[in-house]
Amino acid sequence: MTLMYSIAEGGLLCPSCAHIDPQATSIGGAVWQSMRFLLRAPSSRLAAFRLTEAEDAAMEALLKQTFEYRLEAPLEAWDFLRSIRLPGQREGREEQSGNRRSFDKSRNDPGAN
Ligand SMILES: [Zn+2]
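With respect to the overall build of the protein chain
Looking only at helices and strands, the protein chain has three helices and three strands in total. Along its sequence from the N terminus, the protein chain presents helices and strands in the succession β-β-β-α-α-α. Taken across its 113 residues, the protein chain has 11% of its residues classed as buried. Counting only contacts in the protein chain whose residues sit at least 6 apart along the sequence, the fraction spanning at least 24 positions is 59%.

Here it is, written out as C-alpha cells:
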C-alpha cells in the first residue's frame, strides 16, 4: 500500500486532500506503521524493532526532508553524521544486530515503491 505523506502538513493526505500539497511524497504502508510505532512504543520495545533496508532508507530520507523543510536549508551536517556512524549501524550489517536495529531480509516489503 502506498500512502501520500505531506512534510508541510506533517501527516498523511487522503486522496481527496492530496492536492493540498503538490510536494507530498509517497511512502509505503510499512514505513508509516514504523513511524507510528517509533512515536508510541515504550523504549523497552525499541530493541526488537526491525526495518528492511528499503524501509530504513525511506524513513531516513523522509527524516532528512523534514529537517530541511523545517530549517529551510540543506542539512549539510547530515552527511557528516552519516560518516561518523559506528560500524554496525545501518548499511545492512544485519549480522551485528545485537541491541541495535537490524534488517530482516526474509520479510516481504509490501510498501516498497
Ligand atoms: Zn482528506
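What to know about unusual backbone geometry
The backbone of Glu72 shows a phi angle near 60°, a positive value even though the residue is not glycine. Relative to the elements of secondary structure, Glu72 occurs in the loop between helix H2 (53–71) and helix H3 (77–83). In this structure Glu72 comes out as exposed when scored by C-beta crowding, with 6 C-beta atoms within 10 Å.

Considering H2
An α-helix turns once per 3.6 residues; consequently, residues spaced three or four apart project the same way. The end-to-end C-alpha distance of H2, which contains 19 residues, comes to 27 Å, matching closely the 27 Å that a straight helix rising 1.5 Å per residue would cover. A positive backbone phi angle near 60° is found at Glu72, which sits one or two residues after H2.

Considering helix H1 (residues 29–40)
The first and last C-alpha atoms of H1 sit 17 Å apart over 12 residues, in line with the 16 Å expected at 1.5 Å per residue. Residues of H1 that are buried include every one of Ala30, Val31, Trp32 and Ser34, and no others. Along its buried surface, H1 packs onto strand S1 (2–6), strand S2 (11–13), strand S3 (25–28) and H2.

Thresholds, definitions, all that
Here the residue index of a chain counts from 1 through its sequence in written order. Owing to the predicted nature of the model, reporting of local features is limited to residues with pLDDT of at least 70; listing and counting of side-chain atom pairs is limited to 80 or more, with chain, interface and lining totals taken over all residues. Secondary structure elements follow DSSP: runs of H or I no shorter than four residues count as helices, runs of E no shorter than two count as strands, and numbering proceeds from the N terminus. Counting other C-beta atoms within 10 Å of a residue's C-beta gives its exposure: the residue is buried at 20 or more, exposed at 12 or fewer, and partly exposed in between, where C-beta atoms are placed from the backbone. By definition, residue pairs are in contact when their C-beta atoms, positioned from the backbone, come within 7 Å. A helix is expected to span 1.5 Å multiplied by its residue count minus one.

Limitation: the analysis is restricted to geometry and does not speak to function.
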